[in-house]
Amino acid sequence: MPSEVRGVVARAKGAPVTVETVVVPDPGPGEALVKVQACGVCHTDLHYREGGIGDDYPYLLGHEAAGIVEAVGDGVTRIAPGDYVVLNWRAVCGECRSCRRGRPWYCFATHNARQPMTLTDGTTLSPALGIGAFAEKTLVAAGQCTKVDPAAPPAVAGLLGCGVMAGIGAAVNTGGVGRGDSVAVFGCGGVGDAAIAGAVLAGATTVVAVDINDGKLELARQFGATHTVNSREQDPVEAIRALTGGNGADVTIDAVGRPEVFTQAFYARDHAGTVVLVGVPTPDMTLELPMLEVFGRGGAVKSSWYGDCLPERDFPTLIDLFLQGRLPLDRFVSETIGIDDVEAAFGRMEQGGVLRSVVLFD
Ligand code: APR
Ligand code: ZN
Ligand code: ZN
């Protein structure tokens, strides 16, 4: 029997989101039905509502979620009803050219549920990032569910499903931050602060946070930044060089995704250092750099998709580190809200007052 649940739907470009009845099918082969316990509000949800990602309205929003597996379809063996899972939006296929070359984090054929969730009139919903978890239940591919230690509260665990994982992974997986490294992170929202926490975890000893908002810089210190730079008041490239013996940082991370910020990150790294782009640019943005600088500075210019994460490897590890008191994941939860409050949370997000609002379900 399909379930009827409440879910947050974006019906048209720019229109406020509404809470609607969503019909969720029973899981078919390879699928899992998940009772959502918590789901964070991410910028990507707002981008869907604003038409920045596509025109496949109506969208069922929400994708940073944790919950309990309620039922699984035929052929699903790795998870079972009752399992506590974090959802991911890159369930790797194991068969594409990237997976076969041993680089599954670049998988080109990630899995989602095959059956659609719908409105009660039969209209097909497009689930955000193939998840759609601002709903009491959601249908996903079984590979989108990663089991983690149930001792971690859902509001905390769910955040690994997107922005926090992207930030930690940008530092640890993409940037390869190591013991004694110096790191500079540009943009101290949820993604940037997660990059800071990841850099600290990996053993960085100098961690410079750059932002244009002093409140954000204060927060960045709580995640382990050793120095802060307000780039409205100070040239961040010069400031970072001064803090690193005149050299620049070993790894710099752009967690904003704007050409001027990327350019600062490019120049703020040491020779042969690594610059990582994890903030997501918009289609109108272009970058101009002297080619001789790209050549002459050596090192690596990398982008980080979803923190180059492997959910099966990274989610349980990061949850364990949180439970050991070594990774302050709970600090990313600025507030918990109800399913009816998502539109208001978008407003607070645009004002920059929160790292993450998290919807809690009963
Ligand atoms: N220089 C430095 N910091 C900046 C600048 C700038 N020019 N412009 C904005 N910022 C800061 C903001 O003050 C804020 O603290 O960047 C931070 C961005 O944080 P959020 O808006 O909370 O965004 P976040 O969720 O961290 O995501 C960052 O990653 O996933 C992508 O789409 C997302 O591109 C976005 C980026
Ligand atoms: Zn693949
Ligand atoms: Zn997200």
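These numbers were taken from a predicted model, which means no experiment stands behind them.

1. Digging into the side chain of Asn88
Point 1. Mapped onto the elements, Asn88 comes out in the loop between β6 (84-87) and α2 (97-100).
Point 2. For Asn88, a relative accessible area of 0% translates into the label buried.
Point 3. A polar contact is formed between the side chain of Asn88 and the backbone oxygen of Gly143, at a distance of 3.2 Å.
Point 4. Other than its neighbours up to four places away in sequence, Asn88 contacts Ile131, Gly143, Gln144, Cys145, Thr146, Tyr306, Pro311 and Phe315.

2. What to know about the coordination of the zinc ion (ligand 3)
Point 1. Every protein donor of the zinc ion (ligand 3) is accounted for by Cys42 (SG), His63 (NE2) and Cys162 (SG), and the metal-donor separations fall at 2.0 to 2.2 Å.
Point 2. All donors to the zinc ion (ligand 3) come from one chain, and their sequence spacing reads C-x20-H-x98-C. With His63 in the loop between β4 (59-60) and β5 (64-72) and Cys162 in the loop between α3 (154-157) and α4 (163-174), this residue pair connects regions lying 99 residues apart in the sequence.
Point 3. Here His63 falls in the buried class, since its relative accessible area comes to 0%.

3. A closer look at the coordination of the zinc ion (ligand 2)
Point 1. Protein-derived coordination of the zinc ion (ligand 2) comes from Cys93 (SG), Cys96 (SG), Cys99 (SG) and Cys107 (SG), at a distance range of 2.3 to 2.4 Å.
Point 2. Its 4 donor atoms give the zinc ion (ligand 2) angles of 105 to 118° at the centre, a pattern that matches the tetrahedral case.
Point 3. The sequence motif formed by the donor residues of the zinc ion (ligand 2) is C-x2-C-x2-C-x7-C.
Point 4. By relative accessible area, Cys99 is classed as buried at 12%.

4. Examining the site of ligand 1
Point 1. Near ligand 1 lie 17 residues; those nearest to it are Gly190, Val191, Asp211, Ala255 and Val280.
Point 2. In this structure, Lys216 approaches ligand 1 through a side-chain N or O atom, which is 3.2 Å from an oxygen atom.
Point 3. Note that an oxygen atom of ligand 1 is positioned 3.2 Å from one of the backbone N or O atoms of Val256.
Point 4. When ligand 1 sits alone it has 730 Å² of accessible area, and the protein chains cover 80% of it.
Point 5. If you list the elements that add at least two residues to the shell around ligand 1, you get α1 (43-49) and α5 (190-201).
Point 6. Here the residues of the shell around ligand 1 are counted per class, giving 7 nonpolar, 7 polar and 3 charged.

5. Overview of the sheet that holds strand β2 (residues 18-24)
Point 1. Across the sheet, 5 strands lie side by side as β7-β2-β1-β4-β8; this open sheet has mixed pairing. The sheet terminates laterally at β7 (118-119) and β8 (126-127), the two strands that pair on one side only.
Point 2. Two elements, β4 and β8, share 2 bridges in a ladder whose sense is parallel. By the bridge assignment for β8, Tyr59 is matched with Ser126.

6. A few points about the environment of Ala155
Point 1. Note that Ala155 resides in helix α3.
Point 2. In this structure Ala155 comes out as buried when scored by relative accessible area, which is 11%.
Point 3. In contact with Ala155, not counting residues within four places along its chain, are Ala38, Val333, Val358 and Leu360.

7. Section: the nonpolar core
Point 1. Counting residues in each nonpolar core, the largest one holds 50 residues, and the members touching the most others are Leu160, Val164, Val183, Ile196, Ile253, Leu329 and Phe332.
Point 2. Examining the composition of this core, we find that 6 residues originate from one element, α4, more than from any other.
Point 3. Leaving out residues up to four positions away in the same chain, Val164 has contacts with Leu159, Ala194, Leu329 and Phe332.

8. Brief notes about the packing of α4 against helix α10 (residues 311-323)
Point 1. Across the interface, α4 lies against α10 with an axial gap of 12 Å and an inter-helix angle of 105°. Between α4 and α10, the crossing angle belongs to the class labelled roughly perpendicular. Of α10, the residues touching α4 (which contributes Met165, Ile168 and Asn173) are Arg313, Asp314, Phe315 and Leu318.
Point 2. Among the residues forming the contact of α4 with α10, the class breakdown is 4 nonpolar, 1 polar and 2 charged.

9. Quick notes on the UniProt feature "domain: Enoyl reductase (ER)" (unreviewed entry) in the protein
Point 1. UniProt tags residues 14-359 as "domain: Enoyl reductase (ER)" (unreviewed entry).
Point 2. A helix fraction of 27% and a strand fraction of 24% characterise residues 14-359, whose end C-alpha atoms lie 21 Å from each other.

10. A look at helix α7 (residues 236-243)
Point 1. All of the buried residues along α7 are Pro236, Val237, Ala239 and Ile240. Each buried residue of α7 lies within a common arc of 165° when the element is viewed along its axis, so the set occupies one face. Exposed side chains of α7 directed beyond 90 degrees from the buried face belong to Glu238 and Ala242.
Point 2. Each element contacted by the buried residues of α7 is listed here: β11 (182-186), β12 (206-211), β13 (227-230), β14 (249-254) and α8 (259-267).
Point 3. Put simply, Asp235 is the residue that caps the front of α7, since its side-chain oxygen is 2.9 Å from the backbone nitrogen of Val237.
Point 4. Immediately downstream of α7, the backbone of Gly245 shows phi near 65°, a positive value.

The rules behind the values
- Residues numbered from 1 in each chain as written.
- Chains lettered and ligands numbered in written order.
- Predicted model: local features only at pLDDT ≥ 70, side-chain atom pairs only at ≥ 80, totals over all residues.
- Heavy atoms only, no water.
- Helix = DSSP H or I, 4+ residues; strand = E, 2+ residues; numbered from the N terminus.
- Buried < 20%, exposed > 50% of the residue type's maximum accessible area, 1.4 Å probe, protein only.
- Polar contact = N/O pair within 3.5 Å; in protein donor to acceptor, adjacent residues only side chain to side chain.
- Contact = heavy atoms within 4.5 Å.
- Donors = N, O, S within 2.8 Å, 3.2 Å for Na, K, Ca; no water.
- Tetrahedral: all angles 85-135°; square planar, octahedral: opposite > 155°, others 65-115°.
- Near = heavy atom within 4 Å.
- Areas by Shrake-Rupley, 256 points an atom, 1.4 Å probe, with all protein chains shown as cover.
- Nonpolar A, V, L, I, M, F, W, Y, C, P; charged D, E, K, R; others polar.
- Pairing = 2+ DSSP bridges.
- Core = buried A, V, L, I, M, F, W, Y, C linked by side-chain atoms within 4.5 Å.
- Axes fitted to C-alpha atoms, helices over the stretch in contact; angles between N-to-C directions.
- Parallel < 35°, antiparallel > 145°, perpendicular 65-115°, else oblique.
- UniProt positions renumbered as here; feature names shortened; annotations may be inferred.
- Arc of directions from axis to C-beta.

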